Amino acid sequence: MEHQSATKKGKTLISSFFKKRDRETSESTSIPTTMEHQSSENLLIPSVQIPSISSPNEDYQSSSTCIVRDPGKRKQICEYHVNVRDEIRRSYLKMGPYQPDMLEYPATKFGSQNRRFQKKWFQKFHWLEYSPLTNKAYCFYCFLFLNDINSSNISALVNEGFDNWKRVNQGKTCAFLAHIGSVASSPHTMCERMAENLMRPSQHIDNVIHVQAKEEKEKNRLRLRTSIVTVRWLALQGCAFRGNDESLSSSNRGNFLELVKAFAKMSTEINEVVLENAPKNAQYIAPDIQKEILHIMANRVRQMIRKEVGDKVFCILVDEAQDISKREQMAIILRFVNNHGILTERFFAIKSVSDTTSLNLKNEISDVLIHYDLQVKKIRGQGYDGASNMRGAWNGLQALFLRDCPYAYYIHCFAHRLQLTLVSATKDVSVIWEFFSHLDNIVNIVTSSTKRIAELRTAQRNEIEHMLAIGERDSGSGANQIGNLQRAGATRWSSHYDSVKSLIGMYAATCKVFEVLSDYSPNARAKAEVRGIYRNMASFEFVFILHLMHKIMRTTYNLCQILQRKSQDILTAITFVSTTKTILQELRECGWEEFLHEVKVFCSRNEIDVPDLDCQYKIGRSRQQTTVEHHYHFDVFNVAIDSILMELNTRFNESSMELLSLSTALDPKNSFDSFNSDDICKLAKKFYPQDFTSQDIVALEYELVHYKLDVVQNLKVSTLVELCQQLTESGRSKVYIMLTRLIHLILTLPVSTATTERAFSAMKHVKTAFRNKMEDDFLEDCLTLYIERDLAKDIDVDSIIDEFYVSKSRRAQF
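Take the pattern of salt bridges next. Pairing is possible between side chains of opposite charge, provided their charged atoms come close. Using the criterion set out here, one finds 34 salt bridges in the structure. Salt-bridge contacts for Arg 74 lead to Glu 129; the nearest nitrogen and oxygen are separated by 2.4 Å. Linking Arg 74 in the loop between helix H2 (58–61) and helix H3 (85–95) with Glu 129 in strand E3 (residues 128–131), this pair joins segments that are 55 residues apart in sequence. Overall, the relative accessible area of 9% leaves Arg 74 in the buried class.

Dropping the structure here:
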């Protein structure tokens, strides 16, 4: 009886202890009516969040501070509160040892010799860490679990750091081998074993004591899997997670809960484990749980991108824009060539910046890169717009990065340059500037009311029916659509082309709307305004310039679309700029007669008077000694094209940039007619000395001899992107190693910042007026999955469950 009583008492003590512990660590599943604020400073690593523990003790609160990876800067584990040490350890174990890949480690003088840390030691000793700050080595596992830092027998690798490099390469007496020890019970081996046990859920004491049936674990995993799939689906579609009223009595509990309910209705198995049928303390539907799941998946995507980049060089594309809540957001895109030889641009981060000075932007970008072990010295290209804080030659963002990495060449966004070209060209020609002013007035009047838009559509419908009846239009799927006049945007000149094109297509219908407005406007002032605009619209000069702008902007619009492609290389971009100039020059020299005929046909079809082109041209009372045709041909047609050509030659004068002129020697177009071995070697030697040693240059020269006989004569490709892919797919990249490296460097050079603009378009879709209070971290996670959906779809749900389980203590077992 005494033995049974003692046993019972022992069980009571154990169970009461774990009940108390469970109460302290249980996860709240209640859904608050307002979004709780989460600190964005919990961790620099985005994979784990340390739970905040309410306690008056300052050490307790210190767990929410940032984890620092550099072993020379971070706090010792014993400095954290005992209740959060395991969470800190898990965070560090997920990140792994800090092993920066530096081009050259600082030297330390030992007698007459200089010795330095060696990168190859990371491969021999996986636990080894290095601090660039202190130039010392540390033991990762001993830092996590060997807390007795005051012991006299403790190794320097644990706390103060080891820098006696002379003692490393000494065979059996090697300092690193001595630290590991020769017995299985050595402190280092025990620390490594404890790390393995901590990250292995089956070794946790919760599993040993709270043994659950396999069926119960499967139910827990199914419940969490449902939440994970729901979160991923909502993030991929850019939908809101929460609802205004998520109570049980609500008819609409928000997208997340309603989608979980839909899954439950489709599957009896899911219905038995989710929502009301789940344990109240482990439903995994709370807003914080949703964010935690999303954060794990977003971090997994970023890790996949980081793995894609590897140790290769890369380019940064950066731009800024305001979100719906008027916060300045900075998008960071990485451009690189992946292992398959494919030029890739990936959305990597978006950061809220209160200060847009070049120095602050540089610090923000550097923090992101360093956090993911992306070395600034690996940057080989910078792509920004033309703002002064970006392109400034002395203190601009590009200049600041050039000081840290002189081979991070800055290229002004080609698409932005084209826009500036069109703006400057139209300002220089007064009749074109006046034309766009009249065009804005026409669009504003027609689209200012729903009644006028309805009249425009009715007029279009009648015109289309008439044209089909007389056989001047072809019927078919998608043809003869009824649309609306497009408004030209202030910053997107492709929208000006859409505006011009829409007016040409709806010119007759628009004229009918103006005829109705001329007769039925409410007062004399409105009638006078409408008639004045209609009189100008129905003039030969307006129609002439309308078609001229359509002709010119159709050519530049095609160039704009080409420049904004994701996988566009700079040599192809330069080629298309050149061909655009050629097309415009041919239009100027040979296109007048055909163009004038098109304008006359249009005027005849729309009953517009065509002036006598042989009579003298008259402006006001003065009569110039020139004909009408001469005026439109030379003073309008030629001047407009000349203005565009002059701006293109000024803003796209890449021939003056030696880097790009030498790069054309790699261009495979026209059967490699630009191939030049001397220029290729000069390119590598002069502009990329960090990537090519003198021995590499010699190897490159020998490779080019074989390359000329092999690739140049046998491979049929037209762009540098295709050439890179073909070299990789055919295995030639392993033969022409130096040449492939140089091609990767040229492909890394940026063309445009269109990918950042796409990120901001996605931001407008995700962060809407109804979601204008989204936290920055939550916004970044949502955008990461929404933009990089091809990576997010490949994430294994079971691995997310495992990471969710080990990220912190959970009541349920998985």
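So, about helix H22 (residues 540–563). Side chains of residues three or four places apart in an α-helix project in the same direction, reflecting 3.6 residues per turn. Here H22 contains 24 residues, and its C-alpha end-to-end distance of 35 Å stays within 8% of the 34 Å for a straight helix at 1.5 Å per residue. Remark: the principal bend of H22, roughly 25°, maps to Met 553.

Core analysis: the largest hydrophobic core is formed by 112 residues, its most contacted members being Phe 544, Met 549, Tyr 688, Tyr 707 and Leu 723. The leading source of residues in this core is H22, at 13 residues. Apart from the residues lying within four places of it in its own chain, the contact partners of Phe 544 are Trp 592, Phe 595, Val 599, Tyr 632, Val 636 and Phe 637. In this structure, Phe 256, Ile 296, Met 330 and Ile 800 belong to the second largest nonpolar core, which totals 85 residues.

Another point: the packing of aromatic side chains. Scanning the model with the defined rule gives 37 aromatic pairs in all. When the ring of Phe 117 is compared with that of Phe 122, the centres are 5.1 Å apart and the planes differ by 50°; the resulting orientation is tilted. Aromatic pair Phe 125 and Phe 176: ring centres 5.2 Å apart, planes at 75°, arrangement edge-to-face. Taken as a pair, Phe 125 in the loop between helix H4 (121–124) and E3 and Phe 176 in helix H6 (residues 175–180) lie far apart in primary sequence, 51 residues in all. What makes Phe 125 buried here is its relative accessible area of 6%. Exposure remark for Phe 176: the relative accessible area of 0% places this residue in the buried category. Among the aromatic side chains, those forming a connected cluster through ring pairs are Tyr 105, Phe 117, Trp 121, Phe 122, Phe 125, Trp 127, Tyr 130, Phe 162, Trp 165 and Phe 176. Residue placement shows Lys 75 over the ring face of Tyr 80; its charged tip is 4.4 Å from the ring centre.

As a rule of thumb, non-glycine residues mostly have phi less than zero, and peptide bonds are mostly trans rather than cis. Here Ser 671, not a glycine, exhibits a phi torsion of approximately 55°, which is positive. Take Ser 671: it is sitting in helix H27 (residues 669–672). Judged by its relative accessible area of 53%, Ser 671 is exposed.

Further remarks concern the environment of Leu 747. Looking at where Leu 747 falls in the secondary structure, it is placed in helix H31 (residues 737–748). Given a relative accessible area of 0%, Leu 747 falls into the buried group. Taking the C-alpha atoms as reference, Leu 747 lies 7.0 Å from Ile 570; in sequence the two are 177 residues apart. When near neighbours in sequence (up to four residues on either side) are disregarded, Leu 747 contacts Arg 335, Val 337, Leu 343, Asp 569, Leu 720, Val 721 and Cys 724.

The geometry of helix H23 (residues 570–590) relative to helix H25 (residues 628–651) is characterised by a closest axis approach of 10 Å and an angle of 160° between their N-to-C directions. Relative to H25, H23 is oriented roughly antiparallel. The handedness of the crossing between H23 and H25 comes out as left-handed. On the side of H23, the interface is formed by Lys 581, Leu 584, Gln 585, Leu 587 and Arg 588, while H25 contributes Phe 637, Asn 638, Ile 641, Asp 642, Ile 644, Leu 645, Leu 648 and Asn 649. Residue classes in the contact of H23 with H25 are distributed as 7 nonpolar, 3 polar and 3 charged.

Within the open sheet, the 5 strands sit side by side as E7-E6-E5-E8-E9. Their pairing is mixed. Two strands in the sheet have a free side with no partner beyond their single neighbour: strand E7 (343–352) and strand E9 (410–412). Here the average twist between neighbouring strands, direction ignored, is 25°. Of the pairings in the sheet, the one linking strand E8 (residues 379–384) to E9 comprises 3 bridges and is parallel in character. Bridge pairing links Gln 382 to Tyr 410 in E9. With respect to the sheet, helix H15 (residues 397–404) is in contact with strand E5 (314–322), E8 and E9, its orientation differing from that of E8 by roughly 175°.

Our next topic: the packing of helix H28 (residues 677–687) against helix H29 (residues 694–714). Between H28 and H29, the shortest axis-to-axis distance is 10 Å and the interhelical angle comes to 155°. Here H29 runs roughly antiparallel to H28, going by the angle between their axes. Along this stretch, H28 crosses H29, giving a crossing that reads as right-handed. Contacts between H28 and H29 involve Ser 677, Ile 680, Cys 681, Ala 684 and Lys 685 from the first element and Ile 697, Leu 700, Glu 701 and Leu 704 from the second. Of the residues assigned to the contact of H28 with H29, the class counts are 6 nonpolar, 1 polar and 2 charged.

A few words now on the confidence of the model for the chain. Per-chain confidence: the chain averages 84 in pLDDT, with 87% of residues scoring 70 or above. Contacts of residues 1–65 to residues separated by more than four positions or lying in other chains number 103 contacts, the stretch itself having pLDDT below 50.

Cut-offs and rules
- Residues numbered from 1 in each chain as written.
- Predicted model: local features only at pLDDT ≥ 70, side-chain atom pairs only at ≥ 80, totals over all residues.
- Heavy atoms only, no water.
- Salt bridge = Lys/Arg side-chain N within 4 Å of Asp/Glu carboxyl O.
- Helix = DSSP H or I, 4+ residues; strand = E, 2+ residues; numbered from the N terminus.
- Buried < 20%, exposed > 50% of the residue type's maximum accessible area, 1.4 Å probe, protein only.
- Expected span 1.5 Å × (residues − 1).
- Bend = angle between axes of the 7 residues up to and from the residue.
- Core = buried A, V, L, I, M, F, W, Y, C linked by side-chain atoms within 4.5 Å.
- Contact = heavy atoms within 4.5 Å.
- Phe/Tyr/Trp six-rings, centres within 6.5 Å; stacked < 30°, edge-to-face > 60°.
- Lys NZ or Arg CZ within 6 Å of the ring centre and 35° of its normal.
- Axes fitted to C-alpha atoms, helices over the stretch in contact; angles between N-to-C directions.
- Parallel < 35°, antiparallel > 145°, perpendicular 65-115°, else oblique.
- Left-handed = near helix turned anticlockwise from the far one by under 90°.
- Nonpolar A, V, L, I, M, F, W, Y, C, P; charged D, E, K, R; others polar.
- Pairing = 2+ DSSP bridges.
- pLDDT = per-residue confidence, 0-100.

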